[in-house]
Structure formats: C-alpha cells, structure tokens
Amino acid sequence: MQLIVNGENLKLQDGLTINGLLKEKDVKTPDMVSVELNGQILRRSEFETTELKEGDNVEFLYFMGGGK
Amino acid sequence: MKPETLSIHSGFTGDKVTNATVVPIYQTVSYNHRTAEQLADIFEGKAGGYIYSRIANPTTTALENRLAELEEGIGCIATSSGMAAISAVATGLLETGTEILSARDIFGGTASLFKNTLARFGIKTRFVDAGKTKEFAENINDNTRFVFVETIGNPGMTVPDIPAVAEIAHNANIPLVVDNTVTTPAVFKPGRFGADIVIHSTSKFINGHGTAIGGAIIDTGNYDWSSGVFEDIKRLAGTVRQLAFLSYLRNTIYRDLGGCPAPMNSFLMLQGLETLFFRMTKHCRNAARLAQFLHKHPKIRRINYPGLKTSRFFERTMRLFEGGGGALLTFGLGDKQKAFRFIDSLKLAKNAANLGDAKTLIIHPGSTIFQEFSAEQKQEMGITEDMVRVSVGIEDFEDIKEDFNQAISKTFEV
C-alpha cells in the first residue's frame, strides 16, 4: 500500500500497524514520539491495534525538543 | 485495553537492555549521544531523544504517557507539584491585561496564585459561584483567556456543571481548564465532557500514599490551538498542530521556569497509578458510608458530601461521576473550639495538610490552608470556623466509624 509518512511517499506492506511502522522507520525512542494519523493524534494504546490503510497520512511529532 | 489495565501497563514499552518489568528510575541529568548531529536533531525537534532531565526524563515520560492514556488526552507534561502545573498553564496562556474566570470554591494555593501572585503581573481573576452556571456566562469577556474549575470544589464541595461551563468557554473561543485532582480519571474524565486542559496534583490520590509531591498537565485535544487567541501557540500549530500547547509549554514556560519532577517522584506516581482504580472505589465507598453515618448523627451539622442525597449537587454528581462523590467531605461541629477538640480526639485519622492518602486525614481549613484569607473571603468560599474537612482513607470502614464516634463523644462530653 501507498502511505505518506512525514511528507514522504512510501510503499509498505499491507496490514502494517503503527507499531510496525515505528519499527520499519527505526524510531529509536517510541515512548517519546506522538503519532498523527490523518490529522488526529492517536492514543498510544492504539499503536498496536491501528492498521494503516492505503493513502493514510502519518506524521511523527516530537514536542520534547530542548532548544526551540 | 480498559482503563484499569492501562493504569498498570501503559506508558512504557520496556527497557530493552535489562527487560525490567517495572519502569526504572533514570536518575540522571544528561544523556550521551554518539554524534553531534544526533543531539542537534533532537534540539531541533527532528528526532526524539533525551537532552537534559529538566526538559524530559525517561521515568517521567512513562508517567506522562500513562496519565495521557488514562485521561484519554493527546499528551501530558508532568511537573514538580500541582501548583507548578497550574502556574505553567497560567503563565502559558496569560499576559498582562488578560483575565482568568475562576470558580470561587477552589484550593487555597490556587486562589492565592490567582488573587495575589498573578495580580502583581497585571492579571485579573474574576471569581464566580461554580454551582451557578450562568455566573460564568455573565463574567466572561474579551480579555478572558481561560476558565478554571475544580471537579469538586475544595472545601466547599461545589460541583460545577462542566459540560455547560465548557460550552460557555468554547463560545468565547477560550479553553476550559479543569483540576481533576480530587476525582482522578478513575471517577471522572473531564475531556469527555468538554474540558480542554486537565490539571492534577499527583501528590494526592494518584500517588495515594503521601510519599511524593507532583503535578501534571494533560491536553485533551478538544481545543483547536490553530484558531485560538494565543498567538505564540497558534504559530506552533503550523508545525506540531494539535500538540502546539504542550510543545509551547515544554519548550518555553516549563523549560524556563524549571518545574520538573524528580525521577524518583515520577516512579512513585507510576506505582500509585497501578492501584488507583482499586483505591478510588474504596475511597468513595468509605466516604459515602461516613457521610451517611455523620448525616444521621444528632451532634453533627451541615454534612457536605456531593454523593449524599441532601447535597444540592447530588444529581449532577450522579450524572458526571462514575462510582460516587469522591473521598472528601466537610461538616460543622458548632464552633471552632469543638472542631479543634474533635480533631485532637481522633486516634486513627491524622491531622495533616494533605488529601488523597490511603490514611484518613482531617484538617481545620479555616486556621490552616485558608489562614491567609479574611473572614469575609472565607465566608464567600463557604469556610466556617466550626468546619473540618476529611479525606476519607481506605481503612476498614468500621474502624473509621469507631474513631469518629469516640471523638464526637469526647468533643461533646464537657
């Protein structure tokens, strides 16, 4: 399936969950990332159960930065 | 997963090095990064990672994630105390010339912050009777930046109609800030009823054992920061969207004022959360039984507990709260001397300036938490000289009842 992840078009396997995508993208600190799916922040307890669909737009957001 | 399960399991994906089952205490100030570029990316917000424990710490992150889950919010910032949480929210949303619209019946520390400390910086607070919803509508104006209520006003036991107050705030395009300390997400989830920001003093029921001071700020995701009246936050909404408010706090107010929790305290709050639902059920049940007992006692006056049918907030309490009217109640003993004698006569209940402990606690609010307020102000807040406040613990109810019964007898025997 085709997804937009952080503004980039990616082809990924069907049935991928948010947790699967975090592994796929090698996110080092999954406890720190906030995930926005089609404009809505997901609850962390939904990371394991939410399956991505064709055309989904996913953003990894961090509000933990120190210097801005 | 259901909330009771989340209170035990959420917020931490595990220590991949040791596989520890409990969230470890990361007692560290800073974090080593392999390359200079890595650290620069984290500073820029391009990647996740820890920099300095005043900004974020892994033990505290686990607590923040778990609290966000339990409040069904989009994110959380844990603070060094409940007052640090309220101070950060207030300084994040206000500037000179703006106003707060607040319930009058609130914790003395919060009232003092609004009335005295923030007033020094040109911020005005209008206090209204939180039981009367129309007073909020009558006192909101173009300068109001947020509306503030406690779920059950302490010590007046006022229960605001939170859905109606939220509607008033939203009609003025400003957020509703709700202090959920005395109810906790086990009894009430303010976000479901329109609250935009939830505040906690985690020192109370969340900690549950009186072992650490802490606080928390949760954004429920209800307020649209991209169209609000907060210019700095609105700008951030362009990059981090729904997280604009928390990002603004984390990277300015929270960072600059320095109200971060110690990792050890975050650990103690996580431990407390694991039994929160279990404890709240018992707290509420014991409080309801004690309220019934005191209500029937001929020597006791004005028992005030929102879960009691005689309370003017009984219907609202039953409509909003799951499992009862919380663990706090107040009552009168006739005069200050008798109130003091009653407190001194208790053997099991502790005379302490805290609430939400597993132990039953009692205090005379007029001479302690509200000492700094004038007689007139105390009257307005519903605090009388003969009044005591009880935070009902989770001991066996028969032991609590026996303790109160013998103290009432001693108080009135002379």
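Calculation criteria
- Residues numbered from 1 in each chain as written.
- Chains lettered and ligands numbered in written order.
- Predicted model: local features only at pLDDT ≥ 70, side-chain atom pairs only at ≥ 80, totals over all residues.
- Heavy atoms only, no water.
- Helix = DSSP H or I, 4+ residues; strand = E, 2+ residues; numbered from the N terminus.
- Rg over C-alpha atoms; globule rule 2.2 N^0.38 Å.
- Buried < 20%, exposed > 50% of the residue type's maximum accessible area, 1.4 Å probe, protein only.
- Contact = heavy atoms within 4.5 Å.
- Areas by Shrake-Rupley, 256 points an atom, 1.4 Å probe, with all protein chains shown as cover.
- Lys, Arg positive; Asp, Glu negative; His and termini not counted.
- Charge placed at Lys NZ, Arg CZ, Asp CG, Glu CD.
- Axes fitted to C-alpha atoms, helices over the stretch in contact; angles between N-to-C directions.
- Left-handed = near helix turned anticlockwise from the far one by under 90°.
- 1 Å grid on protein atoms, 1.4 Å probe; cavity = no way out; pocket = protein on both sides within 12 Å on 5 of 7 lines; lining within 4 Å.
- Points joined across faces, edges and corners; volume = space filled by probe spheres on them.
- Nonpolar A, V, L, I, M, F, W, Y, C, P; charged D, E, K, R; others polar.
- Core = buried A, V, L, I, M, F, W, Y, C linked by side-chain atoms within 4.5 Å.
- Expected span 1.5 Å × (residues − 1).
- Phe/Tyr/Trp six-rings, centres within 6.5 Å; stacked < 30°, edge-to-face > 60°.
- Lys NZ or Arg CZ within 6 Å of the ring centre and 35° of its normal.
- Pairing = 2+ DSSP bridges.
- Buried area = accessible area lost by both parts, 1.4 Å probe.
- Salt bridge = Lys/Arg side-chain N within 4 Å of Asp/Glu carboxyl O.
- Polar contact = N/O pair within 3.5 Å; in protein donor to acceptor, adjacent residues only side chain to side chain.

Here we look at the overall build of chain B
Thinking step 1. Helix and strand counts for chain B stand at 16 helices and 12 strands.
Thinking step 2. Its C-alpha atoms give chain B a radius of gyration of 22 Å, near enough to 22 Å, the size a compact globule of 414 residues would have.
Thinking step 3. Each principal axis of the C-alpha atoms in chain B carries an extent, and together these give about 75 × 55 × 35 Å.
Thinking step 4. Out of the 414 residues belonging to chain B, those deemed buried represent 59%.
Thinking step 5. Sequence separation of 24 or more characterises 73% of the internal contacts of chain B that already satisfy a separation of 6 or more.
Thinking step 6. About 16,600 Å² of surface is accessible on chain B, with carbon and sulfur atoms providing 51% of the total.
Thinking step 7. Once the 44 positive and 44 negative side-chain charges of chain B are each reduced to a mean point, those two points are 4 Å apart.

Remarks on the overall build of chain A
Thinking step 1. The number of helices and strands found in chain A is one helix and five strands.
Thinking step 2. The order of helices and strands in chain A, counted from the N terminus, is β-β-α-β-β-β.
Thinking step 3. Relative to its length of 68 residues, chain A is compact, with a C-alpha radius of gyration of 12 Å against a globular reference of 11 Å.
Thinking step 4. For chain A, the share of sequence-separated contacts (at least 6 apart) that also reach a separation of at least 24 residues comes to 54%.
Thinking step 5. Carbon together with sulfur atoms contributes 45% to the accessible area of chain A, which is approximately 3,400 Å² in total.
Thinking step 6. Here chain A contributes 8 positively and 12 negatively charged side chains, and the mean placements of these two sets differ by 4 Å.

Things to note about the packing of helix 3 (residues 58-70) of chain B against helix 11 (residues 263-274) of chain B
Residue and element names in this part refer to chain B.
Thinking step 1. One way to put it is that helix 3 packs onto helix 11 with a least axis distance of 8 Å and a crossing angle of 35°. Note that helix 3 runs across helix 11; the crossing there is left-handed. Mapping the contact onto sequence places T59, T60, A62, L63, R66, L67 and L70 in helix 3 and P263, S266, F267, M269, L270, L273 and E274 in helix 11.

Let's talk about the layout of surface pockets
Thinking step 1. Computed from the structure, the largest pocket encloses a volume of approximately 1,200 Å³.
Thinking step 2. If you go around the largest pocket, you meet 48 residues; those closest to its centre are K28(A), T29(A), M32(A), G48(B) and G49(B).
Thinking step 3. A total of four residues in the lining of the largest pocket trace back to one element, the largest contributor, which is helix 2 (residues 36-44) of chain B.
Thinking step 4. The class makeup of the residues in the lining of the largest pocket is 19 nonpolar, 16 polar and 13 charged.
Thinking step 5. Within this model, the second largest pocket holds a volume of roughly 570 Å³.
Thinking step 6. When residues of the lining of the second largest pocket are traced back to their parent elements, those giving at least two are helix 1 (18-24) of chain A together with helix 1 (3-9) of chain B.
Thinking step 7. Looking at the lining of the second largest pocket, the element that brings in the most residues is helix 1 of chain A, giving three residues.
Thinking step 8. The residue makeup of the lining of the second largest pocket, split by class, is seven nonpolar, seven polar and eight charged.

A word on the nonpolar core
Residue and element names in this part refer to chain B.
Thinking step 1. Membership of the largest hydrophobic core comes to 99 residues, with the highest contact counts inside it found for F114, L176, I217 and F245.
Thinking step 2. It is helix 10 (residues 244-257) that contributes the most residues to this core, seven residues altogether.
Thinking step 3. Apart from residues lying up to four places away in sequence, L176 is in contact with V147, V149, I162, V165, A166, A169, A195, D196 and I197.
Thinking step 4. Residues A287, I303, I343 and I408 belong to the second largest nonpolar core, which totals 26 residues.

Some thoughts on unusual backbone geometry
All names here are of chain B.
Thinking step 1. Residue N154 is joined to P155 through a cis peptide bond whose omega torsion reads 15°.
Thinking step 2. In this model, N173 sits at a positive phi of 60°, which is unusual for a non-glycine residue.
Thinking step 3. Inspection of the secondary structure puts N173 in the loop between helix 7 (162-171) and strand 5 (176-179).
Thinking step 4. On the basis of relative accessible area, N173 is assigned to the partly exposed category, the value being 30%.
Thinking step 5. For T184, which is not glycine, the phi torsion reads 65° and is therefore positive.
Thinking step 6. Along the polypeptide, T184 turns up in helix 8 (residues 184-187).
Thinking step 7. Residue T184 is classed as buried on the basis of its relative accessible area of 0%.

Side note on helix 11 of chain B
All names here are of chain B.
Thinking step 1. Across its 12 residues, helix 11 extends 17 Å between first and last C-alpha, which sits within 8% of the 16 Å expected from 1.5 Å per residue.
Thinking step 2. P263, S266, F267, M269, L270, G272 and L273 are the residues of helix 11 that are buried.
Thinking step 3. Where helix 11 is buried, its residues meet helix 1, helix 3 and helix 12 (276-296).

A few points about the packing of aromatic side chains
Residue and element names in this part refer to chain B.
Thinking step 1. Counting across every chain of the model gives 13 aromatic pairs over all chains.
Thinking step 2. Seen in terms of ring centroids, Y223 and W225 are 4.6 Å apart; in terms of plane orientation they differ by 65°. Their pairing is edge-to-face.
Thinking step 3. In this structure an aromatic cluster arises from ring pairing among Y223, W225, F230 and F245.
Thinking step 4. Across the ring face of F127, the terminal group of K115 is positioned such that the distance to the ring centre comes to 4.7 Å.

Observations regarding the pairing of strand 1 (residues 75-79) of chain B
Residue and element names in this part refer to chain B.
Thinking step 1. The buried fraction of strand 1 is high, at five of five residues.
Thinking step 2. Here five bridges tie strand 1 to strand 7 (residues 215-219), and the two strands are oriented antiparallel to one another. Bridging across to strand 7, T79 finds its partner in G215.

Some details on the interface of chain B and chain A
Thinking step 1. The interface is formed by 35 residues belonging to chain B together with 21 residues belonging to chain A.
Thinking step 2. Summed over both partners, the interface of chain B with chain A comes to about 2,500 Å²; 54% of that surface belongs to carbon and sulfur atoms.
Thinking step 3. Considering only the surface of chain B that becomes buried against chain A, E69(B), R241(B) and L243(B) emerge as the three largest contributors, covering 19% of it.
Thinking step 4. Salt-bridge contacts for R43(A) lead to E69(B); the nearest nitrogen and oxygen are separated by 3.2 Å.
Thinking step 5. Seen at the junction of chain B and chain A, the total is seven residue pairs in polar contact (both at pLDDT 80 or more).
Thinking step 6. Going through the elements one at a time, helix 2, helix 3, strand 1, helix 9 (231-240) and helix 10 of chain B are the ones with two or more residues in the side of chain B that touches chain A.
Thinking step 7. With five residues, the top contributor of residues to the side of chain B that touches chain A is helix 10 of chain B.

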